[in-house]
Each structure stands twice: as C-alpha cells, then as structure tokens.
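Geometric and topological summary
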Amino acid sequence: MTTGNEKKPERRVYLDYIATTPVLPEVLEAMLPYFSDVYGNPQSFHSWGDEPGEAIEKAREQVASLVDGSPDEIVFTSTGSEANNLAVKGLAQGQIGKGKHIIVSAIEHFSVLNAARTLEKAGFELTVVPVGKYGLVDPDEVARNIREDTILVSVMHANGEVGTIQPIAEISKRVKEAGVLFHTDAVASTGNVPVNLNELGVDALSLAANQFYGPKGAAALWVRKRTRLIPLMDGGVQEGGRRPGTENVPAIVGLGKAAELAIRDMPSRMTKLSQLRDRLINGLLTAVDHTILTGHPTQRLPHHASFCVEFIEGEAMLLLLNSQGIAASSGSACTSRALKASHVLIAMGLPHEIAQGSLLFSLGIGNNEGDIDYVVEKMPPIVDRLRQMSPLYAKFIKEKRG
Amino acid sequence: MPMYSGKVMDHFMNPRNVGEIKDADGIGEVGNPVCGDMMTFFIKVKDNRLEDVKFQTFGCGAAVAVSSMTSEMAKGKTLEEAVKITPSLVAQELEGLPKNKYHCSNLGAQALQKAIRDYAQKKGITIEGLEEEKGEGDEEGE
C-alpha cells in the first residue's frame, strides 16, 4: 500500500489474531514431510499410504483430546465455515423426518446464520433468538422458542467480534431436556479457552486450526456418536463418508500438532493474554474518551478487546493504525463488502453511528506489554485527528457548550 | 484492506480544507450513519466564485479523500463551474475508487451541490446547471 508520505512505523504490532494466527514453528515442522517425502494417499492399498494414514489418525486423537471427545467422532473439514455448514445443514437434513424447525442466535457467524437461511429457503422454518446488550443469549429465550417440530439449535460458544462467551452448558441443558440436537460454533474459542464438549453438553462442535496457531485450511466438526449427519458433498469413503475427498494430510497434521500444543500451553497463554487484554482495555478506555467496550466485560475471550469509538468510523481508524504499523479490525459498514454494519453490534442494540466506530484488537502469543503500550500511545492522536474532521463530533461539542 | 490508489491515500492522510467556515454563505449536509458516511460542506462566495470551501466528514478513507478532492476541485471555481463537478470526475481525479466505494464519491459532489443550492436559495438567485433538490445520501453505490 502506498500512503504518499511513507514513513517506516516505529514498531509492527499484529493485533488481529482472530482473523488468523501465525503457524507455530513446531507445527510447520510437523507438516513439512507431508508436502514432500510422505506424499502417499491415505486411502491407498500400498505402503505409501500407511504413514500419511497413521498421521491423520494421530491428528484425530490430538484434536479429540483438545475437546475431550473420541477420535472416531472427529470429521476433518477445510475451514470452520465448512464445519458450520456441515453441522447446520447436515444435522437438519438428517432429522428431516422429525420436524423442520431450527433455532440459531442473532450473532452467529455467517456460516451458521446463512446456512440456516438457506435451509429456510428450502422449506425449513427458522427462529433467530435475540441477544442482550453484552451479546449474551438467554437460555430461557431459547427454551421458550423450542417447539414440537424443533430439530436443531445452534448457538456459538464465543463471538469473534465482541468476544462474549455464551453460557453454553445452561443453554444445552434446556435444549437436551426437549430432546433436540444442539450444535455450537466453537471456532473462536477452541484452542484459546478450555472447551470440553461433555461439560458443554453439545451434540456437535466446530473448530478451526488457524485460531490456535495451526494452518489455514484445516478444521473439524466433532459430532456425537450415532448422530445422523448428511454430507455436504457426495464422494468417497474419507471421514466415514461424511466428508469425502482426498485428505489434506499436511493441514490435518498441522491441526493435530496445534491442538497438542494448545493443550500444553493453554494455561500460560491464557494468563499472559488476559493480562495484556486488561492492560489494553483499561489503557484505551482511559486514554480515549467516549469509547465503549463491546461484549461482556468479564465473560469474554482472554485474547479479545473490542470497542466502539464514538463520532468516527472504523475503516479510517484501521488505515491510520496501519500507517503506524498496527493491525486491527472493525465491524463498521465501510469495512464490510456489503456496506452493512456488523449484525452482531446491531443485534446488541448499538445504534448505527456507534457501530460505525467499531474497533477490534485480538491478541496472541507474539504480543508483549510494549505492544499494548504502543497502541495505547498511538490511539489518542488517531482518534483526535478523525474527530477533528467529524461533523458528528462538531455537533456534539457545540451541544455540550450549549 | 481496500486497494486505494496513491492519490486516495494521499488525500486521506493529508486531507485539504478540513474544518468549518463560521460565517459560511452556504452549507450542505448529506448522508446518514446507516449508509456509513456523513459529509458537511461549507462555502464562502465572493464575486460569484468559491473563495473558500471547507468540509467535515464522518466516514471511511474513501469518504475523507472524496471530500478533500471535491473541496480542492471546487475552490476558486465560479458557481457555474462548480456545479459541474460530478462524482465520476472526483473519482477520476482520485485515480479511481474501489467498486464498493463509488457511493462515497456521490456524497462529495452532492454535499457541494447542496451547499451551493443553500447559497442560491438564500440569495434568491438561479445558477445555471444547478440541479433540483433530491433525496440525498440514498444512492447506495454501484
């Protein structure tokens, strides 16, 4: 990108780990042989297929351990979006004899929300349950909406835009009482916070490697044994016929290795990141007035700090932050290709002009206190500069003066 | 990241004519927060020429750059010349805009036109080429 007056930033600070994490060196190292020497197809009936086949099964065990599941319940997919599509469409279509009603929350990722809407167009009935101001789904609200013909409920574990962690165990309890299948999109949480599917009480759970230092293109859906799941694609016997197509062996190996490391390092990562997150939240709320924290103040991802900065727009902030070497993201209308403000922020009841000031920092193991202090130092002049241009801010100041 | 031209980035990083004219002869306000951008243009007219043009903008990088470029193009022009500034001329001067940012260029020219219309109405004059008022800010790109 050119800026016209290019100057090298003093520091480069990546705070967009929710978009994707880097791949850890140990993960890359584990993957490399499967791009070259160990190239066989796991399904082949000759010795070339043995080693990749074993590698996939090892990864299956590693991923199962991460969520406390059984290896034969893991279905490898290419992305979290695919896992969510497979769960929503595959579970709903598998239950079609029992009913046609599906429930999802208003702040689901589009891979769940739009999969449900696609089903709606195909004749299913959809209820979208609202969330409160912190982005929490009320378990009673879910229970109230369950009908005789409800076949599937899908509520995400943690929201990637506002960081709120849902009371999944409480929701699943109500859903299971009604004998309905329950899926949770745990893409943003798995590998970052403890995710135990038995404690959560779910029937299906999506996860993705690039949220916890594994490669892009590697994800999984865990589905409880003996649960009927219709595949999205038709093809061969891979993944028990639930996800046909030649396995992406290096990516799956990388996912497995990343899962193993996540189990080992999760406590230390969580301690470090939640401290940095709190430093950023406190620092920014102090340094920049008329800024609100979005999402739940305490029930949130340890590596997630999201805000709305009033009177200015998110994309403009991102451009100026980038010019200072800082990577963040935003849910403003201008940053979305559809030019619509984040459905998550709107569902939480934020007015459009506030949602336009959305700014999200997601932290990772590469960050340190110096990074956070740098951001807290660079933000006030960026905000000030944009506010000096803003007609909304000018109005606010005039009204304040009376 | 949007693929902005060097010219867009220059006008975003170093916007020209930001601010308010206290005793403006015309003011034009367009846009709304739902579509994402709001612009206010202030003009000062002397001897039928735009002696000064300033703006305030709430919006993305493209919106700021469009405001800045529009103000620069308008400054010093006669009113008749200024009303001929179209969104596509602004976009052209900015060496293009990403497709989903075209609507931002509409807002710049609209805000300027609205400020000139405001001036014309106050003065009770007609300006050749000045369009009738229409619903502003509802031209959603493409």
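In short, a report on the structure. (Residues numbered from 1 in each chain as written. Chains lettered and ligands numbered in written order. Predicted model: local features only at pLDDT ≥ 70, side-chain atom pairs only at ≥ 80, totals over all residues. Heavy atoms only, no water.)

Quick notes on the layout of surface pockets
Residues and elements named next belong to chain A. Reported here for the largest pocket is a volume of approximately 1000 Å³. What lines the largest pocket is a set of 42 residues, among which His 109, Phe 110, Gly 160, Glu 161 and His 343 lie closest to the centre. When the residues that make up the lining of the largest pocket are grouped by side-chain class, the tally is 15 nonpolar, 20 polar and seven charged. (1 Å grid on protein atoms, 1.4 Å probe; cavity = no way out; pocket = protein on both sides within 12 Å on 5 of 7 lines; lining within 4 Å. Points joined across faces, edges and corners; volume = space filled by probe spheres on them. Nonpolar A, V, L, I, M, F, W, Y, C, P; charged D, E, K, R; others polar.)

Some remarks on helix α8 (residues 249–287) of chain A
Because each turn of an α-helix spans 3.6 residues, side chains separated by three or four positions end up pointing in the same direction. Given a rise of 1.5 Å per residue, 39 residues ought to cover 57 Å, yet the end C-alpha atoms of α8 of chain A are separated by just 47 Å, more than 12% below that figure. By the largest-angle criterion, Asp 265 of chain A marks the main kink of α8 of chain A, which is about 65°, and a proline, Pro 267 of chain A, follows within four residues. (Helix = DSSP H or I, 4+ residues; strand = E, 2+ residues; numbered from the N terminus. Expected span 1.5 Å × (residues − 1). Bend = angle between axes of the 7 residues up to and from the residue.)

Remarks on the interface of chain A and chain B
Contacts between the two partners involve 30 residues from chain A and, on the opposite side, 30 residues from chain B. Interface of chain A and chain B: buried area, both sides summed, is about 2600 Å²; carbon and sulfur atoms make up 63% of it. Joining chain A to chain B, the criterion identifies three salt bridges. Where chain A meets chain B, there are eight residue pairs in polar contact (both at pLDDT 80 or more). Breaking the side of chain A that touches chain B down by element, the ones donating at least two residues are α9 (314–323), α11 (352–355), α12 (369–389) and α13 (391–401) of chain A. (Contact = heavy atoms within 4.5 Å. Buried area = accessible area lost by both parts, 1.4 Å probe. Salt bridge = Lys/Arg side-chain N within 4 Å of Asp/Glu carboxyl O. Polar contact = N/O pair within 3.5 Å; in protein donor to acceptor, adjacent residues only side chain to side chain.)

A short note on the packing of aromatic side chains
Two descriptors summarise a pair of aromatic rings, namely the distance from one centre to the other and the angle between the planes of the rings. Residues and elements named next belong to chain A. Per the counting criterion, the structure on display carries seven aromatic pairs over all chains. Residues Tyr 14 and Tyr 17 carry aromatic rings whose centres are separated by 5.0 Å and whose planes lie at 70° to one another, so their mutual orientation is edge-to-face. For Tyr 14, a relative accessible area of 32% translates into the label partly exposed. A cation sits over an aromatic face here: Lys 100 above Phe 124, 5.8 Å from the ring centre. (Phe/Tyr/Trp six-rings, centres within 6.5 Å; stacked < 30°, edge-to-face > 60°. Buried < 20%, exposed > 50% of the residue type's maximum accessible area, 1.4 Å probe, protein only. Lys NZ or Arg CZ within 6 Å of the ring centre and 35° of its normal.)

Overview of a nonpolar patch on the surface
Residue and element names in this part refer to chain A. Nonpolar side chains collect at one region of the surface, where Val 23, Leu 28, Leu 32 and Phe 35 lie side by side and expose about 360 Å² of accessible area between them. Position of Phe 35 among the secondary structure elements: in the loop between α1 (25–31) and α2 (50–67). Accessibility expressed as a relative area gives 55% for Phe 35, which makes it exposed. (Patch = residues over 30% accessible without salt bridge, like charges linked within 9 Å, V, L, I, M, F, W, Y side chains within 5 Å. Areas by Shrake-Rupley, 256 points an atom, 1.4 Å probe, with all protein chains shown as cover.)

Describing the side chain of Thr 70 of chain B
Residue and element names in this part refer to chain B. Within the fold, Thr 70 resides in helix α2 (residues 61–74). From its side chain, Thr 70 meets the backbone oxygen of Val 66 in a polar contact 2.6 Å long. Excluding residues within four positions of it along the chain, Thr 70 makes contact with Phe 41, Val 90, Gly 108, Ala 109 and Leu 112.

Looking at the pairing of strand β6 (residues 181–185) of chain A
Residues and elements named next belong to chain A. Counting buried residues along β6, five of its five residues qualify, which places the element largely inside the surrounding structure. Neither face of β6 is open: one carries Leu 181, His 183 and Asp 185, the other Phe 182 and Thr 184, and all of them are buried. Relative to β6, strand β5 (residues 150–154) is paired through three bridges, and the arrangement is parallel. Note that in β6 the partner of Leu 152 across the bridge is Leu 181. A crossover links β5 with its parallel partner β6, the connecting element being helix α6 (residues 168–177), and its sense is right-handed. Of the pairings in the sheet, the one linking β6 to strand β7 (residues 204–208) comprises three bridges and is parallel in character. Note on β7: the bridge partner recorded for Thr 184 is Leu 205. (Pairing = 2+ DSSP bridges. Right-handed = clockwise from strand over helix to strand, strands pointing away.)

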